[in-house]
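Summary of the model geometry
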Amino acid sequence: MEVLARHFLQIENADEVPVVIHEYLREKPFYILGGGSNTLFTKDFDGFIVHPAFTGIEVMEQMEDAVVLKVAAGEPWDNLIQYCIKRQYYGIENLTAIPGLVGSAPVQNIGAYGVEVKDTVLKVEGYVISTGEHFTLSNAECKFAYRNSIFKQELKHDCIITYVWFQLSRIKHFTLSYQGLAKALEERELPLSLHNVSDCVRKIRDAKLPDPAIVGNGGSFFKNPVIPDEQYRELLVKFPDLVAYDAPDWQKKLSAGQLIEKAGWKGKQVGNAGTWKNQALVLVNYGGATPEEVLHVAETIIKDVNNLFGITLEMEINRI
Ligand code: EPU
């Protein structure tokens, strides 16, 4: 179902950001929207939707072993991937085919197949909306964590990112810790190259995740829950095949997709909304779903997973 915004403001040039803040964003509500692939609008929006549309990739520094790129927030993420593959810059190839724009990448610290964008972000530039001041935050100052950063905490709804600076490697190296990726490369007997790794990632994504241009979805709807090791051990007694990855502070990160599947939700449809047949963590709009239908499915999943495992799933997508 369509939801509407009262105003849509597209920023064509990063230099216009201070003016836009001053002229339009003093009054709330407003919402900064990148590609929109991680946002669920639950109703009409009576305010300004602000969309950074300025693009560009600039080489700021070339070293023997690394390169520094300054990338405008409105650049589509996958364009940056193509750019890096063409020029043999290593580091973000595992993040191939993630929908959205470069400016959104640090907000939720996008991650896939063993890599997070925080591994290559040098600094982030933008403006604080409440003060109108320009900021440059170093990697450490961005307070990156799993699907989290300062932009989802202290600066939530109070900043516009204009540029992301990346440091990428010019020395050949790959992250193949995600078993499915290493296996896919092996099975296809492909030599290790940026192009082949990226291509494999694209194929894995195509097989597991629905294309948002065809089937409405926001990727993973929930975060993978992080629980104490002790709780994980207790759960193993009843569910011996529970997948878990090591997380900081002796915790374990479980797979929300597996929990949802075990709660009987994989590929299930209620009305026009449901979960994807190949990846239960992805909620989909099967066509014409209302926001209420999507939220009903999400809330029922949270309840069912909680009843079965005693774990409360947290939404990963932004709900407006
Ligand atoms: N699994 C199931 N059933 C399912 C889905 C998954 O049993 O329906 C199991 C899989 O068999 C596997 C484990 O869960 O053992 C993990 O699944 P997968 O590798 O597909 O990854 P994920 O943990 O479900 C995360 C990210 C994805 C990212 C993949 C690959 C989050 C919230 N999601 O998903 O990111 O692409 O890892 O690295 O961390 C996104 O954020 O939108 C997103 C797609």
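Since we're looking at a predicted model, the values are computed, not measured. (Residues numbered from 1 in each chain as written. Predicted model: local features only at pLDDT ≥ 70, side-chain atom pairs only at ≥ 80, totals over all residues. Heavy atoms only, no water.)

**Focus: the overall build of the protein chain**
Helix and strand counts for the protein chain stand at seven helices and 19 strands. Against the compact-globule benchmark of 20 Å for 320 residues, the protein chain has a radius of gyration of 20 Å, which places it among compact chains. Referenced to the eigenvectors of the C-alpha coordinate spread, the extents of the protein chain come out at roughly 55 × 50 × 40 Å. Sorting the 320 residues of the protein chain into buried and exposed places 49% on the buried side. Partitioning the intrachain contacts of the protein chain with sequence separation of at least 6 by distance along the chain shows that 61% fall at a separation of at least 24. (Helix = DSSP H or I, 4+ residues; strand = E, 2+ residues; numbered from the N terminus. Rg over C-alpha atoms; globule rule 2.2 N^0.38 Å. Buried < 20%, exposed > 50% of the residue type's maximum accessible area, 1.4 Å probe, protein only. Contact = heavy atoms within 4.5 Å.)

**Thoughts on the packing of helix α2 (residues 77-87) against helix α4 (residues 194-208)**
Where α2 contacts α4, the two axes come as close as 10 Å, and the packing angle between them is 150°. The orientation of α2 relative to α4 falls into the category roughly antiparallel. Relative to α4, α2 is oriented so that their crossing is left-handed. When α2 is examined against α4, the residues Asp78, Ile81, Gln82, Cys84 and Ile85 are found in contact with a partner set consisting of Leu194, His195, Ser198 and Arg202. Looking at side-chain class alone, the contact of α2 with α4 contains four nonpolar, three polar and two charged residues. (Axes fitted to C-alpha atoms, helices over the stretch in contact; angles between N-to-C directions. Parallel < 35°, antiparallel > 145°, perpendicular 65-115°, else oblique. Left-handed = near helix turned anticlockwise from the far one by under 90°. Nonpolar A, V, L, I, M, F, W, Y, C, P; charged D, E, K, R; others polar.)

**A short note on the nonpolar core**
Residues Leu69, Trp77, Leu80, Leu95, Phe151 and Phe166 are the most contacted members of the largest nonpolar core, which totals 45 residues. No other element matches the six residues that α2 contributes to this core. Residues in contact with phenylalanine 166, not counting those within four places in the same chain, are Val67, Val68, Leu69, Val71, Trp77, Leu80, Val102, Val117, Thr120, Val121 and Leu122. (Core = buried A, V, L, I, M, F, W, Y, C linked by side-chain atoms within 4.5 Å.)

**Quick word on the site of the ligand**
Around the ligand, a shell composed of 23 residues is seen, among which Tyr113, Tyr146, Tyr178, Ser255 and Glu261 lie nearest. At 2.7 Å, a side-chain N or O of tyrosine 146 approaches an oxygen atom of the ligand. Considering the ligand on its own, with 830 Å² of exposed area, one finds that the protein chains cover 81% of that surface. When residues of the shell around the ligand are traced back to their parent elements, those giving at least two are β7 (111-112), α4, β12 (216-220), α6 (256-262) and β18 (279-285). Class assignment of the residues belonging to the shell around the ligand gives a composition of nine nonpolar, eight polar and six charged. (Near = heavy atom within 4 Å. Polar contact = N/O pair within 3.5 Å; in protein donor to acceptor, adjacent residues only side chain to side chain. Areas by Shrake-Rupley, 256 points an atom, 1.4 Å probe, with all protein chains shown as cover.)

**What to know about helix α5 (residues 229-238)**
Of the positions making up α5, those classed as buried are Asp229, Tyr232 and Leu235. The buried residues of α5 occupy an angular sector of 115° when the element is viewed end-on, so they sit on one face. Residues of α5 that are exposed and point over 90 degrees away from its buried face: Glu230, Arg233, Glu234, Val237 and Lys238. On its buried side, α5 packs onto β13 (226-228), β14 (244-247), β15 (251-254) and α7 (291-309). (Arc of directions from axis to C-beta.)

**Remarks on the sheet that holds strand β6 (residues 66-72)**
Strand order in the open sheet formed by five strands is β5-β6-β11-β9-β10, and the pairing between neighbours is antiparallel. At either end of the open sheet lies a strand with only one pairing partner, and these are β5 (57-62) and β10 (134-138). In this sheet, neighbouring strand axes are inclined to one another by 20° on average, regardless of whether the strands run parallel or antiparallel. Along the sheet, helix α1 (residues 17-24) contacts β9 (121-128) and β11 (159-169); its crossing angle with β9, the most-contacted strand, is approximately 35°. (Pairing = 2+ DSSP bridges.)

**Focus: the side chain of threonine 42**
By the secondary structure assignment, threonine 42 is in the loop between β3 (39-40) and β4 (45-52). Assessed through its relative accessible area of 14%, threonine 42 is described here as buried. Look past the residues within four positions of threonine 42 in its chain and what remains in contact with it is Pro291, Glu292, Leu295, Arg319 and Ile320.

**As for the state of the cysteines**
A covalent bond between the sulfur atoms of two cysteines is what we call a disulfide. If you walk through the whole model with that rule in mind, you get zero disulfides. Distance from the sulfur of cysteine 84, which forms no disulfide, to the nearest cysteine sulfur (cysteine 142) is 18 Å. Between cysteine 200, a free cysteine, and cysteine 84, which holds the nearest cysteine sulfur, the sulfur-to-sulfur gap is 19 Å. (Disulfide = S-S within 2.5 Å.)

**Structural notes on the packing of aromatic side chains**
Enumeration according to the criterion identifies eleven aromatic pairs in this entry. The interplanar angle of 50° and the centroid separation of 6.5 Å between the aromatic rings of phenylalanine 54 and tyrosine 163 together place this pair among those described as tilted. Placement of the pair is phenylalanine 54 in the loop between β4 and β5 and tyrosine 163 in strand β11, with a sequence separation of 109 residues. With a centroid separation of 4.8 Å and 85° between ring planes, the pair formed by tyrosine 113 and tyrosine 178 is classed as edge-to-face. Of the two residues, tyrosine 113 is situated in the loop between β7 and β8 (115-116) and tyrosine 178 in the loop between β11 and α3 (179-187); the sequence distance between them amounts to 65 residues. Judged by relative accessible area, which is 10%, tyrosine 113 ranks as buried. The class for tyrosine 178 is partly exposed, based on a relative accessible area of 28%. Members of the aromatic cluster, each reached through a chain of ring pairs, are Tyr31, Phe41 and Phe45. In this structure, lysine 253 packs its charged tip against the face of tyrosine 146, placed 3.5 Å from the ring centre. The ring of tryptophan 265 carries lysine 268 above its face, with NZ or CZ at 4.5 Å from the centroid. (Phe/Tyr/Trp six-rings, centres within 6.5 Å; stacked < 30°, edge-to-face > 60°. Lys NZ or Arg CZ within 6 Å of the ring centre and 35° of its normal.)

None of the figures reported here should be taken as evidence of function without further support.
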